[in-house]
Structures are given as C-alpha cells and as structure tokens.
Amino acid sequence: MKIIKAIKTAFAATILLGTGSVLAAEGEVELKHQDWSFNGAFGTYDRAAMQRGFQVYKEVCAACHGLKYIAFRNLMEIGFSEAEAKAIAAEYTVPGAPDEFGDPTERAAGLSDYMPSPFANEQAAKASNNGAIPPDLSLVAKAREGGPDYLYSLLTGYEDPPEDFELGDGLNYNAVFPGHQIAMPQPLFDDFVTYANGPEASVDQMAKDVSHFLMWAAEPKLEARHQMGFKVMAFMLVLTILLYLINRKVWANVKKKH
Ligand code: HEC
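Quantities reported herein were computed from a predicted structural model and do not represent experimental measurements. (Residues numbered from 1 in each chain as written. Predicted model: local features only at pLDDT ≥ 70, side-chain atom pairs only at ≥ 80, totals over all residues. Heavy atoms only, no water.)

Observations concerning the site of the ligand
Let me state the cut-off plainly: Being near a molecule or strand, for a residue, comes down to having at least one heavy atom within 4 Å of it. For this analysis, a polar contact is any N or O atom pair within 3.5 Å, provided that within protein one partner can donate a hydrogen and the other can accept it, and provided that sequence-adjacent residues contribute only side-chain to side-chain pairs. To qualify as a helix, a DSSP run of H or I must reach at least 4 residues; to qualify as a strand, a run of E must reach at least 2; elements of each kind are numbered from the N terminus.
Around the ligand, the structure places 21 residues, and the nearest of them are C61, C64, H65, Y150 and M184. Contact distances for the ligand include 2.8 Å between an oxygen atom and a side-chain N or O atom of R144. In the environment of the ligand, an oxygen atom lies 2.8 Å from a nitrogen or oxygen atom belonging to the backbone of A183. Take the shell around the ligand: its biggest share by element is four residues, from helix α6 (residues 147-155).

Describing the packing of aromatic side chains
Just so we agree on the cut-off: Any two of the Phe, Tyr and Trp rings considered here, Trp counted by its six-membered ring, make a pair once their centres fall within 6.5 Å; the pair's planes then place it as stacked at under 30 degrees, edge-to-face at over 60, or tilted in between. Each ring is checked for a lysine NZ or an arginine CZ that lies within 6 Å of its centre and within 35 degrees of its normal; such an atom marks a charge sitting over the ring.
Counted under the stated rule, the structure contains ten aromatic pairs. Taking the centre distance of 5.1 Å and the plane angle of 50° together, the rings of F72 and Y92 count as tilted. With F72 in the loop between α2 (47-59) and α3 (82-90) and Y92 in the loop between α3 and β1 (93-96), this residue pair connects regions lying 20 residues apart in the sequence. By way of ring pairs, the aromatic residues F54, Y57, F80, F213 and W216 are connected into one cluster. Over the face of the ring belonging to Y195 we find R52, whose NZ or CZ atom lies 5.6 Å from the ring centre.

Some points on α6
This is how it is decided: Only protein chains enter the calculation, and the probe is 1.4 Å; a residue is then buried if its accessible area is under 20% of its type maximum, exposed if over 50%, and partly exposed in between. The contact definition used throughout considers only heavy atoms, calling two residues in contact when any of these lie within 4.5 Å.
Most of α6 sits inside the fold, with nine of its nine residues counted as buried. Listed as buried for α6 are G147, P148, D149, Y150, L151, Y152, S153, L154 and L155. Where α6 is buried, its residues touch α5 (140-143), β4 (181-182) and α7 (203-218).

Observations regarding the coordination of the iron atom of the ligand
The following threshold applies: Only N, O and S atoms count as donors, using a 2.8 Å limit from the metal and a wider 3.2 Å limit for Na, K and Ca, and since water is excluded some coordination spheres may look unfilled. Sites are called tetrahedral only when four donors show all angles between 85 and 135 degrees, square planar or octahedral only when four or six donors show opposite pairs over 155 degrees and all other angles between 65 and 115, and irregular in any remaining case.
For the iron atom of the ligand, the full set of protein donor atoms is H65 (NE2) and M184 (SD), and the range of their distances to it is 2.0 to 2.1 Å. Of note is the iron atom of the ligand, whose six donor atoms meet at the metal with angles of 85 to 178° in an arrangement that counts as octahedral. Here M184 lies in the loop between β4 and α7 and H65 lies in the loop between α2 and α3, a separation of 119 residues in the sequence.

A short note on the side chain of R52
Locating R52 in the fold gives a position in helix α2. Contacts of R52, omitting those with residues within four sequence positions, involve Y195, P199, Q205 and D209.

Describing the pattern of salt bridges
When charged atoms on two side chains of opposite charge get close, those side chains can pair. Note the following rule: By definition, a salt bridge exists where a carboxyl oxygen of Asp or Glu is found within 4 Å of a side-chain nitrogen of Lys or Arg.
A full pass over the atoms with the stated rule returns eight salt bridges. With a closest N to O distance of 3.6 Å, E82 and K86 form a salt bridge. In this pair, E82 and K86 both sit in helix α3, four residues apart, roughly one turn of the helix. Across the salt bridge formed by E219 and K142, the nearest N and O atoms sit 2.8 Å from each other. Taken together, the residues E219 in the loop between α7 and α8 (222-257) and K142 in helix α5 connect sequence positions 77 residues apart. A residue is classified by how much of its surface remains accessible, and K142, at 49% relative accessible area, is partly exposed.

Structure (structure tokens):
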C-alpha cells in the first residue's frame, strides 16, 4: 500500500512541476482580477465609472489611440445627455464636404460622426511611436485574453525591469505585456486628470475607469444580453410550472382508475 501511495505522490508532484514549467516557459502572468460591476449573469455597467473612463481616454489615451467604432451619439448610452454629447463632439474636427473649388474642408463633429483617429495613417502612427502602431481601442477589451482584467493589469503593470533584463531601445518594461517589453510608455500617473466629482484620480482608479469604459466600447450590448438571459430563465421557469400542472391534470383521472 505504502508503495502505491508513494507512486501516487510522485506522480502528482511530477504533474505539478510539469505544469509549473510549462507556465513559466510560456511566460504566463497572473492578471490582477477585479470585481467589475458587469461581471456575472446580472451584471450592469457603472455609468459614473464609464464617464470617468471616457475622460481618461479623451485626455490621455486619445493622443495615440483611436476609437473608430464609437460615434459621439453612443456617448448617450453611458449617461451623457444629448447636449453633453453634442458639446463633446463639437470639440473635434472632421473632414467636411469639399468647397466650391473642390478643396477639402473641415467642420466640427456632430452626434452621428465617429471618433476621429489621432494619426492620419499607419505610417504617421509608426513614425510617432518608435515604429509601433498604437492599436484602435474600440474592440481591444474583447481582443485580449483576460479582457478588462488584462487592460487594468497592463496599465498598472509598469515596473523597473529585473536586473538581468535587457530592455530594447525605446521600449518599456511591463509585467503583463507578452515578452515584457512594450512600445507604449507608461500612460498614467497620479492626478493626470481631474475628476469633476468623483474619487481621487490615482493610477489605480484611472486604470479601472478606462478599462470599464473600454469594456463597454467593445460590448455595448452586454446589459441587453444579461436582461434577455434573465427573461429567458423566467420564461422557462413559468413554462416548467405550467407543464407540471398540466401534466398532473391530464394524468389525474388515469392514475385514479389504477
Ligand atoms: C504616447 C502614445 C500612447 C499613449 C498616450 C497611450 N498608448 Fe497605448 N499604446 C501605444 C503604443 C505605441 C502601443 C503598441 C505597443 C506595442 O505593440 O509594443 C500601445 C498599445 C496599447 C494596448 C495594446 C496592448 C496589447 O496587448 O497589444 C492597449 C490596450 C493600450 N495601448 C491602451 C492604452 C490606454 C488605455 C491608454 C490611456 C490610458 C493608452 N494606451 C495611452 C501608445 C500609447
């Protein structure tokens, strides 16, 4: 018996060590999991957090990243009034209709316009960012494993590199970015933005807010999906009860006779 036990223990240990080394080899990192309000089957977005997150995007990230699938009218979905969304749109310029000589013009953006990207083309984006292209952030929360937890961990993951780490030219050490070298310089520092009425704008808070906002940008229908799920469950429950009652009634006479 003892021998079997020893074999079992050795076996388990090998498996444990094995997975450990695989994880290490792939450079897997622990993400900092957050208790998001949209988690779970009934989760909803937090309007105030998303509005703060939009402020962070607009004042910090938009210098390098576009958000091309979000139109200004969509901002009403995160709790801005129509007047507020219009005022935000008016701060941006977009290409207008050509003038009478056929020359391009510019006009203030309106509700139906999409967020303009910061760079005219990929070449310009590359030239300004040490050869790397800052990706459009519209869908990034769904495009990376870990979603908002990854975004939050990335934004709070800037650290001094370990001593033996060789950091490439113009690259920055990040604990969660694959390979740990990222072309994006640390974008957030305490009090980088001023929240009108809200919590202290710490790096942690801004990272949470902007990740919350980007999750909405990537999945604006999450709440509708959760609601639909709830309705389907309620419907199934009622249907089950009805079927049970009908079943009892149909068989009541039959059962009595036997
Ligand atoms: C100075 C320009 C700059 C600013 C400001 C900036 N970024 Fe970036 N970002 C980049 C560049 C360049 C990359 C591409 C990095 C690479 O591939 O090494 C990037 C990449 C990313 C990625 C993709 C990481 C991945 O897994 O591929 C995310 C997400 C991101 N940035 C989010 C943000 C957010 C959120 C903000 C605002 C808080 C922000 N960035 C501000 C330049 C910037």
